[in-house]
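# Geometric and topological summary
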Amino acid sequence: MLVMFNCMDKENQQNKRFECLKDHLLWVENNMSAIKVAGPQLHPHSDRIIGSFYIIEANTIEDAHMLFQTDPYYMAGIWKVVSTAEFKGYAGTWVGGKNWPEF
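Residues numbered from 1 in each chain as written. Predicted model: local features only at pLDDT ≥ 70, side-chain atom pairs only at ≥ 80, totals over all residues. Heavy atoms only, no water.

## Focus on the sheet that holds strand S1 (residues 2-9)
Under the convention used in this document: In short, DSSP must find at least two bridges between two strands for them to pair. Labels follow the DSSP assignment, with helices taken as runs of H or I lasting at least four residues and strands as runs of E lasting at least two, numbered in each case from the N terminus. Angular values range over 0 to 180 degrees, each being the angle between N-to-C directions of two axes fitted as lines to C-alpha atoms, with helices fitted over their stretch in contact. Whether two residues are in contact is decided by their heavy atoms: any pair within 4.5 Å suffices.
Spatially, S2-S3-S1-S4 is the arrangement adopted by the 4 strands of the open sheet, whose pairing is antiparallel. At either end of the open sheet lies a strand with only one pairing partner, and these are strand S2 (35-42) and strand S4 (79-87). With strand direction ignored, the average angle separating the axes of adjacent strands in the sheet is 15°. The sheet contact formed by S2 and strand S3 (residues 49-57) spans 7 bridges and is antiparallel. Within S3, the residue paired with Gln41 across the bridge is Gly51. Most of the contacts of helix H1 (residues 14-30) go to S3, to which it runs at about 20°, and overall it touches S1, S2, S3 and S4.

## Notes on the pairing of S1
Taken together, the 7 bridges between S1 and S3 define a ladder with antiparallel strand orientation. In the strand pairing of S3, Met4 is matched with Ile55. The sheet contact formed by S1 and S4 spans 8 bridges and is antiparallel. Across the sheet, Leu2 pairs through a bridge with Phe87, a residue of S4.

## Here's the deal with the pattern of salt bridges
Going by this rule: Whenever a carboxyl oxygen of Asp or Glu lies within 4 Å of a side-chain nitrogen of Lys or Arg, that contact is scored as a salt bridge. The buried label goes to any residue with under 20% of its type's maximum accessible area, the exposed label to any with over 50%, and the partly exposed label to all in between, with areas taken from a 1.4 Å probe on protein chains only.
A complete count under the given rule lists 4 salt bridges for this structure. For Asp9, the salt bridge is made with Arg17, and the minimal N-O distance between the two is 2.8 Å. Summarising the burial analysis for this pair, Asp9 and Arg17 share the class buried.

## Examining the nonpolar core
Spelled out, the test is: Only buried residues count toward a nonpolar core, which is a set of Ala, Val, Leu, Ile, Met, Phe, Trp, Tyr and Cys residues joined through side-chain atoms within 4.5 Å.
Among the nonpolar cores identified, the biggest contains 17 residues, and Phe5, Tyr54, Ile56, Phe68 and Trp79 are the most heavily contacted of them. Secondary-structure elements contributing two or more residues to this core are S1, H1, S3 and helix H2 (61-68).

## Notes on unusual backbone geometry
Unusually for a residue other than glycine, Asn12 sits at a positive phi of about 55°. Here Asn12 lies in the loop between S1 and H1.

Shown next, in the form of C-alpha cells:
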C-alpha cells in the first residue's frame, strides 16, 4: 500500500531543517526502497520551505508511520501538522497513464 504524509512546518523552522539536513538525507538514502516520492514544499512566492511531502510504500499504515517517525525531521519536531492517508496512484505519468478498469 502507498501512504501519503503531508507535513506543514511550524513557524521559523529553516535553521532547524538545515541542522538536521545531513541526517535527514542519510535517512532518505537508507529508506529509498520504501520512499516512492519525497521532497520539500515551497512557499508559493519564494523558495522558502514550508513543509514536506512523502509517499511511502508499506504493508500497513502503521508500518508506514513507524518508518516515518524515524525521520530526523520528525524527531526534531519541525512540523506543526502532519496529515496521513492511504494513497491510490490511479493516473499520471508516474503510474504509466491511467490505472483503472474499463467501464
